[in-house]
Amino acid sequence: MGQAKARGPYAKTPARRAEIVRAARDSFAERGYANASLRDIAERAGITHAGLLHHFRNKDELLAAVLADRDSEDWQQGVDEVDSTERLGPYLAELVRHHQKAPELMRLWIELAAAASRPDHPAHAYFVDRYERSRAQFSDGFPDKGARFALRQGVSPESAAVLFQAVLNGLQLQWLIDQELDIVGPVTDFVRLLFEGNSGAMPES
């Protein structure tokens, strides 16, 4: 006899949540956060409004899930594509271009990050953890002396990780204010400034 399939509202919950998050991401990107409705998101996900509320209590909670999902995708792509300092600049340039295709999501991320600076904000703990993990991921990318030598003299991996986040976030904010501004060139220039070291050239991989 075959194994019975799961039934009821808790069946396939992780997969269902993922479908809702994808639907919300599309809705936020197309309509903006203020104009997107839970009923529209539920329709896109192929479930009822009540069914959506079973997984997410409100739109704020759903927004946090959408942005966390985007972060997860970016991190995994970085792990897959950046295997040397030479790959960091091209990867960041492509990441920025990808984010520019969905400016509303970029804007929502920046707004939520600023709001979450308050310790009592529901997303505060997430952003504390998110920045800590991002800094650790960046600085852990220098496991040997050869990789560390690629950094400009006097710049530690830990300091570089903080600068990396500040520059990437700051450039995206400037672009949202003026979308004619080129930020791809500056982000690749920043990587060269950070990694050229004393010799003015990246070390051989």
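Just above, that's the structure.
First, a word on what this report is: a plain description of the structure on this page.

Rules used in this analysis
Residues numbered from 1 in each chain as written. Predicted model: local features only at pLDDT ≥ 70, side-chain atom pairs only at ≥ 80, totals over all residues. Heavy atoms only, no water. Helix = DSSP H or I, 4+ residues; strand = E, 2+ residues; numbered from the N terminus. Expected span 1.5 Å × (residues − 1). Buried < 20%, exposed > 50% of the residue type's maximum accessible area, 1.4 Å probe, protein only. Contact = heavy atoms within 4.5 Å. Polar contact = N/O pair within 3.5 Å; in protein donor to acceptor, adjacent residues only side chain to side chain. Core = buried A, V, L, I, M, F, W, Y, C linked by side-chain atoms within 4.5 Å. Arc of directions from axis to C-beta.

1. Some points on helix α5 (residues 85-100)
In step 1: If you check α5, its first and last C-alpha atoms are 24 Å apart, about what 16 residues at 1.5 Å a residue would give, namely 22 Å.
In step 2: The set of residues buried in α5 consists of T85, L88, G89, Y91, L92, A93, L95, V96 and H99.
In step 3: On its buried side, α5 packs onto α4 (59-81), α6 (103-115), α7 (124-139), α9 (157-177) and α10 (184-195).

2. Looking at the environment of R57
In step 1: Looking at the secondary structure, you find R57 in the loop between α3 (49-55) and α4.
In step 2: The exposure class assigned to R57 is exposed, which follows from its relative accessible area of 66%.
In step 3: One polar contact links R57 to E61, side chain to side chain, over a distance of 2.8 Å.

3. Some points on the nonpolar core
In step 1: By size, the foremost hydrophobic cluster in this structure holds 53 residues, and its most contacted members are I20, F28, I41, L62, L92, F138 and F195.
In step 2: Breaking this core down by element, the ones donating at least two residues are α1 (13-31), α2 (38-45), α4, α5, α6, α7, α9 and α10.
In step 3: With sequence-adjacent residues up to four places away left out, L92 is seen in contact with F164, L168, V187 and V191.

4. Overview of α9
In step 1: The end-to-end C-alpha separation of α9 is 30 Å, in line with the 30 Å expected for 21 residues at 1.5 Å each.
In step 2: Listing the buried residues of α9 in full gives P157, A160, A161, F164, Q165, L168, N169, L171, Q172, W175 and L176. The buried side chains of α9 occupy one side of the element, clustering within an arc of 155 degrees when seen end-on.

Purely geometric numbers; function is a separate question.
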